[in-house]
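For reference, the chains in residue letters:
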Number of protein chains: 2
Amino acid sequence: MKALLLLAHGSRDPAWTAPFDRLRAKVLARQPGALAESAYLEHTDPTVAVAAARLAERGATEIEMIPLFLGPGGHVRSDLPRLAEEIRSAHPGLQVSVAAPIGEADTVLDAIAEYCLRPA
Amino acid sequence: MKALLLLAHGSRDPAWTAPFDRLRAKVLARQPGALAESAYLEHTDPTVAVAAARLAERGATEIEMIPLFLGPGGHVRSDLPRLAEEIRSAHPGLQVSVAAPIGEADTVLDAIAEYCLRPA
């Protein structure tokens, strides 16, 4: 079964995860029973290794990492491929891929553009 | 005239701005003639001060800063109010406000959730 690993930066502030928790809930609302876990690069738990282990335990045979980053910086270009490799080493047989970051999705940029013109 | 200051983190990588350039183009396509500038907190030009001065020169009487951040961390909670205050000091009479970050917008999270389920 294919699983989603929703990857964000992380922060020292515990309130920082709120939008990512909401995002995961929205994914699960759209696809009930989906295997989807959030994970964070810095400061915030769970780490990628912990979230990937959780998905593997729940029966994932394939993990797609979704970079919740707008800009394609060092985190996306260096950290994510390295983390994908670490998941493969820890879980041989598990297929791991890294999607394009959300900032490359026209639908996401369209929604942000609309928000910019009518912000809260 | 109201102007938009689209604020993102910035990166040492020059290619990093591509999604933010596309976002600004999308805003201008939706509202031709709009006053909208991108600005960055770190590494990437222009700074907030430079972008705000550019908007003021072009006739802005009001600037709304749009935080292009998903999580409400230190950048959103500390840096942005401070930068808003710096714009006010540099341009007395210019109204400056800070919108909620994009991670608080349901429409943005909905678009990201859809992308997570059908990533590129």
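Residues numbered from 1 in each chain as written. Chains lettered and ligands numbered in written order. Predicted model: local features only at pLDDT ≥ 70, side-chain atom pairs only at ≥ 80, totals over all residues. Heavy atoms only, no water.

Estimates place the volume of the largest pocket at around 840 Å³. Around the largest pocket, the lining is made up of 35 residues, and of these A:His9, A:Phe69, B:His9, B:Phe69 and B:His75 lie nearest the centre. Among the secondary structure elements, those contributing two or more residues to the lining of the largest pocket are α3 (74-90) of chain A together with α3 (74-90) of chain B. Residue composition of the lining of the largest pocket, by class: 14 nonpolar, 16 polar and five charged. (1 Å grid on protein atoms, 1.4 Å probe; cavity = no way out; pocket = protein on both sides within 12 Å on 5 of 7 lines; lining within 4 Å. Points joined across faces, edges and corners; volume = space filled by probe spheres on them. Helix = DSSP H or I, 4+ residues; strand = E, 2+ residues; numbered from the N terminus. Nonpolar A, V, L, I, M, F, W, Y, C, P; charged D, E, K, R; others polar.)

Turning our eyes to something else, we now look at the nonpolar core. Residues A:Leu68, A:Ile112, A:Cys116, B:Leu68, B:Ile112 and B:Cys116 are the most contacted members of the largest nonpolar core, which totals 46 residues. When residues of this core are traced back to their parent elements, those giving at least two are β1 (2-8), α1 (18-30), β2 (35-40) and α4 (106-117) of chain A together with β1 (2-8), α1 (18-30), β2 (35-40) and α4 (106-117) of chain B. (Core = buried A, V, L, I, M, F, W, Y, C linked by side-chain atoms within 4.5 Å. Buried < 20%, exposed > 50% of the residue type's maximum accessible area, 1.4 Å probe, protein only.)

This part covers the confidence of the model for chain A. With 100% of its residues at a pLDDT of 70 or more, chain A shows a mean pLDDT of 96. Under the prediction, the complex receives an ipTM of 0.97, its pTM being 0.96. (pLDDT = per-residue confidence, 0-100.)

In this section: the relation of the copies chain A and chain B. Structural alignment of chain A on chain B gives an RMSD of 0.0 Å, achieved by rotating through 180 degrees and translating 0.0 Å along the axis. Expressed as a symmetry operation, the mapping of one chain copy onto the other fits a two-fold axis. When the interface residues of chain A are mapped onto chain B, 100% of them are again interface residues, pointing to one common binding face. (Least-squares fit on C-alpha atoms with pLDDT ≥ 70 in both. Contact = heavy atoms within 4.5 Å.)

Facing 43 residues of chain A, the contacting portion of chain B comprises 43 residues. At the boundary of chain A with chain B, total buried surface from both sides reaches about 3700 Å², with 67% on carbon and sulfur atoms. Interface area lost by chain A to chain B is led by A:Arg30, A:Tyr115 and A:Leu117, which between them contribute 16%. On inspection of chain A and its partner chain B, the count reaches 12 salt bridges. Taken together, the connections running from chain A to chain B amount to 16 residue pairs in polar contact (both at pLDDT 80 or more). Put simply, the parts of the chain that give the side of chain A that touches chain B at least two residues each are β1, α1, β3 (62-67) and α4 of chain A. The element that contributes the greatest number of residues to the side of chain A that touches chain B is α4(A), accounting for 12 residues. A per-class count over the side of chain A that touches chain B returns 27 nonpolar, six polar and 10 charged. (Buried area = accessible area lost by both parts, 1.4 Å probe. Salt bridge = Lys/Arg side-chain N within 4 Å of Asp/Glu carboxyl O. Polar contact = N/O pair within 3.5 Å; in protein donor to acceptor, adjacent residues only side chain to side chain.)

A word on the pairing of strand β4 (residues 95-98) of chain B. Residue and element names in this part refer to chain B. Inspection of the sheet shows strand β3 (residues 62-67) paired to β4 by four bridges, in the parallel sense. Its bridge partner lying in β4, Glu-64 is registered against Ser-97. The parallel pair β3 and β4, bridged by α3, forms a crossover whose chirality is right-handed. (Pairing = 2+ DSSP bridges. Right-handed = clockwise from strand over helix to strand, strands pointing away.)

So, on to the state of the cysteines. Cysteine pairs can be linked by a disulfide, which is a covalent bond between their two sulfur atoms. A complete count under the given rule lists zero disulfides over all chains for this structure. Sulfur of A:Cys116: no disulfide; nearest cysteine sulfur belongs to B:Cys116 and is 19 Å away. On the basis of relative accessible area, A:Cys116 is assigned to the buried category, the value being 1%. (Disulfide = S-S within 2.5 Å.)

Turning our attention to the pairing of β3(A). All names here are of chain A. The element β3 is largely enclosed, with a buried count of five among its six residues. Alignment of β1 against β3, held across six bridges, turns out to be parallel. Paired with Ala-3 across the strands is Ile-63, a residue of β3.

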